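So you can see what is in the structure, the chains are spelled out below.
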2 protein chains.
Amino acid sequence: MGISQRAYSLLESSGYKITNQRQTILEIILKNRQQHMSAEEIHEKANKINPDIGLATVYRALELFEELKILHKLNFGDGRSRYELWEEEHHHHHLICTSCDGVYEVAEDLLEVLEDRIEHKYKFNISGHQLKFYGICHQCQEDCSNEC
Amino acid sequence: MGISQRAYSLLESSGYKITNQRQTILEIILKNRQQHMSAEEIHEKANKINPDIGLATVYRALELFEELKILHKLNFGDGRSRYELWEEEHHHHHLICTSCDGVYEVAEDLLEVLEDRIEHKYKFNISGHQLKFYGICHQCQEDCSNEC
DNA sequence: ATCAGTGCAAAGTATTTGCATATCC
DNA sequence: GGATATGCAAATACTTTGCACTGAT
């Protein structure tokens, strides 16, 4: 079952309606999965498909999708929230370059051992995680070694 | 050398002045290290010591401390930034309870292996990280098992 | 005397909310 | 038909900024 099918049945079974706007918003996120878009960016793209979708509707849909665990809200410290498909969330991490502000993804998890330890030691029932590494990306290291 | 000594010499050597306001703000953070305070909260406490410290000054000091790597800005998804001493940052993680919104700390790191792998594979020069686990804390699990 | 630092109020952003209207089942 | 969702504009919340003033060296 595809992500959108799962999302639609989640909406339905939770008593929410599958409206045009919600479909449009979800499709945009699916089409740009690797993008970490903000509400504003999603709204812009949504308006190209349907100029009548308001920003408030986008926010409300994103909130709903987050509640239904379709999306995950991310924060990269630039003052706005960014969103990512829930599915992608659990098995990768983000590398944030403090020089160019770029965000890269790491497609490995490797936190199982740590999670197990935490679940036992702290009796904390883990449902998800978010790991960010700050540093200097390869490109910026090269740019710097040329200049300085 | 204590944290505040390091902070003051960092300020000085970077050409910034050690003002009353900056001292007050830093002291408050040192006295409440485990608290993850927001700018507003720091401002409130600062005002009890010196009623003339403005909120803008607090924001400016926090920004400066962040730049000097005295503090780290955190985001727990409640719409405001929270701050923590840089020293504490590198060797612990946060457990965020999605039921009671409590934030707990885990005093282990265990990310060295993962960091090494990422540094090599992605040629990303890591300087810090931030790891949040979402889930249900022990207390909420108990509360729930009583009720449901 | 100079220049960084500050307080205040105003501006700027991101997000949320109230309400009348439109839409879906 | 009745509840749910939407659009718009206004409200809110957090943070930043402009500017005149203060304070330290």
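Definitions and limits used
Residues numbered from 1 in each chain as written. Chains lettered and ligands numbered in written order. Predicted model: local features only at pLDDT ≥ 70, side-chain atom pairs only at ≥ 80, totals over all residues. Heavy atoms only, no water. Domains from an automatic or database assignment. Contact = heavy atoms within 4.5 Å. Buried area = accessible area lost by both parts, 1.4 Å probe. Salt bridge = Lys/Arg side-chain N within 4 Å of Asp/Glu carboxyl O. Polar contact = N/O pair within 3.5 Å; in protein donor to acceptor, adjacent residues only side chain to side chain. Helix = DSSP H or I, 4+ residues; strand = E, 2+ residues; numbered from the N terminus. Nonpolar A, V, L, I, M, F, W, Y, C, P; charged D, E, K, R; others polar. Buried < 20%, exposed > 50% of the residue type's maximum accessible area, 1.4 Å probe, protein only. Axes fitted to C-alpha atoms, helices over the stretch in contact; angles between N-to-C directions. Parallel < 35°, antiparallel > 145°, perpendicular 65-115°, else oblique. Arc of directions from axis to C-beta. Near = heavy atom within 4 Å. Pairing = 2+ DSSP bridges.

### Points about the domain arrangement of chain A
Residues and elements named next belong to chain A.
At step 1: According to the domain assignment, chain A contains domain 1 (1–90) and domain 2 (91–148).
At step 2: Taken together, the contact between domain 1 and domain 2 spans eleven residues of the former and 13 residues of the latter.
At step 3: With both chains or domains summed, domain 1 and domain 2 bury close to 1,100 Å², and 47% of this area falls on carbon and sulfur atoms.
At step 4: Our enumeration of links across domain 1 and domain 2 arrives at zero salt bridges.
At step 5: Between the two partners, domain 1 and domain 2, sit five residue pairs in polar contact (both at pLDDT 80 or more).
At step 6: Put simply, the parts of the chain that give the side of domain 1 that touches domain 2 at least two residues each are β2 (71–75) and α5 (86–89).
At step 7: Counting residues per element, the side of domain 1 that touches domain 2 draws most heavily on β2, at four residues.
At step 8: Split into classes, the residues belonging to the side of domain 1 that touches domain 2 amount to three nonpolar, four polar and four charged.

### Thoughts on the pattern of salt bridges
Oppositely charged side chains can pair when the atoms bearing their charge come close.
At step 1: This model, assessed by the stated rule, comprises eight salt bridges over all chains.
At step 2: Its salt-bridge partner being E41 of chain A, residue R82 of chain A comes within 3.4 Å of it at the nearest N-O pair. On the criterion of sequence distance, the pair formed by R82 of chain A in strand β3 (residues 81–85) and E41 of chain A in helix α3 (residues 39–49) is long-range, its members being 41 residues apart.
At step 3: The class of E41 of chain A is partly exposed, set by a relative accessible area of 30%.
At step 4: Ionic pairing is found between K121 of chain B and E108 of chain A, a salt bridge with its closest N-O pair at 3.1 Å. One end of the pair, K121 of chain B, is in helix α6 (residues 112–122); the other, E108 of chain A, is in the loop between β5 (103–106) and α6 (112–122), on a second chain.
At step 5: Under the relative-accessibility criterion, K121 of chain B is labelled exposed at 56%.
At step 6: On the basis of relative accessibility, which here comes to 9%, the residue E108 of chain A falls in the buried class.
At step 7: Residues joined in a network through salt bridges with shared partners are E41, D78 and R82 of chain A.

### Focus: the packing of helix α2 (residues 20–31) of chain A against helix α4 (residues 55–67) of chain A
Residue and element names in this part refer to chain A.
At step 1: Relative to each other, α2 and α4 sit at 70°, their axes nearing to 10 Å. In terms of orientation, α2 lies roughly perpendicular with respect to α4. Residue-level contacts link Q21, R22, I25, L26 and I29 of α2 to T57, V58, A61, L62, L64 and F65 of α4.
At step 2: Of the residues in the contact of α2 with α4, the class split is eight nonpolar, two polar and one charged.

### A few points about helix α1 (residues 3–13) of chain B
All names here are of chain B.
At step 1: The set of residues buried in α1 consists of I3, S4, A7, Y8 and L11. Looking straight down α1, one finds that the buried residues subtend no more than 130° of arc, so they occupy a single side. In α1, the exposed positions that point more than 90 degrees away from the buried face belong to E12 and S13.
At step 2: Backbone geometry just after α1 places G15 at a positive phi near 85°.

### Notes on the protein's contact with DNA strand C
At step 1: Inspection of the region around DNA strand C gives 19 residues, with Y59 and R80 of chain A together with T19, D52 and T57 of chain B positioned closest.
At step 2: Restricting attention to atoms of DNA strand C within 4 Å of the protein, one finds that 74% of them are sugar or phosphate atoms.
At step 3: Interatomic distance of 3.0 Å between a backbone N/O atom of S81 of chain A and a phosphate oxygen of DNA strand C.
At step 4: Separating a phosphate oxygen of DNA strand C from a backbone N or O atom of G54 of chain B is a distance of 3.0 Å.
At step 5: Secondary structure elements with two or more residues in the surface near DNA strand C: α4 of chain A together with α2 (20–31) and α4 (55–67) of chain B.
At step 6: Looking at the surface near DNA strand C, the element that brings in the most residues is α4 of chain A, giving four residues.

### Comments concerning the sheet that holds β3 of chain A
At step 1: Strand order in the open sheet formed by three strands is β1-β3-β2 (chain A), and the pairing between neighbours is antiparallel. Both edges of this open sheet fall to β1 (37–38) and β2 of chain A, since each of them pairs with a single strand only.

### Side note on the protein's contact with DNA strand D
At step 1: Around DNA strand D lies a shell of 18 residues, among which T19, D52 and T57 of chain A together with Y59 and R80 of chain B are the nearest.
At step 2: Within 4 Å of the protein, atoms of DNA strand D come from sugar and phosphate in 73% of cases.
At step 3: The contact in question runs from a base oxygen of DNA strand D to an N or O atom on the side chain of R60 of chain B, over 3.5 Å.
At step 4: Within the side chain of R80 of chain B, an N or O atom sits 2.3 Å from a phosphate oxygen of DNA strand D.
At step 5: Of all elements in the fold, only α2 and α4 of chain A together with α4 of chain B reach the threshold of two or more residues within the surface near DNA strand D.
At step 6: If one sorts the elements of the surface near DNA strand D by residue count, α4 of chain B sits on top with four residues.
At step 7: Its residues assigned to classes, the surface near DNA strand D comprises six nonpolar, six polar and six charged.

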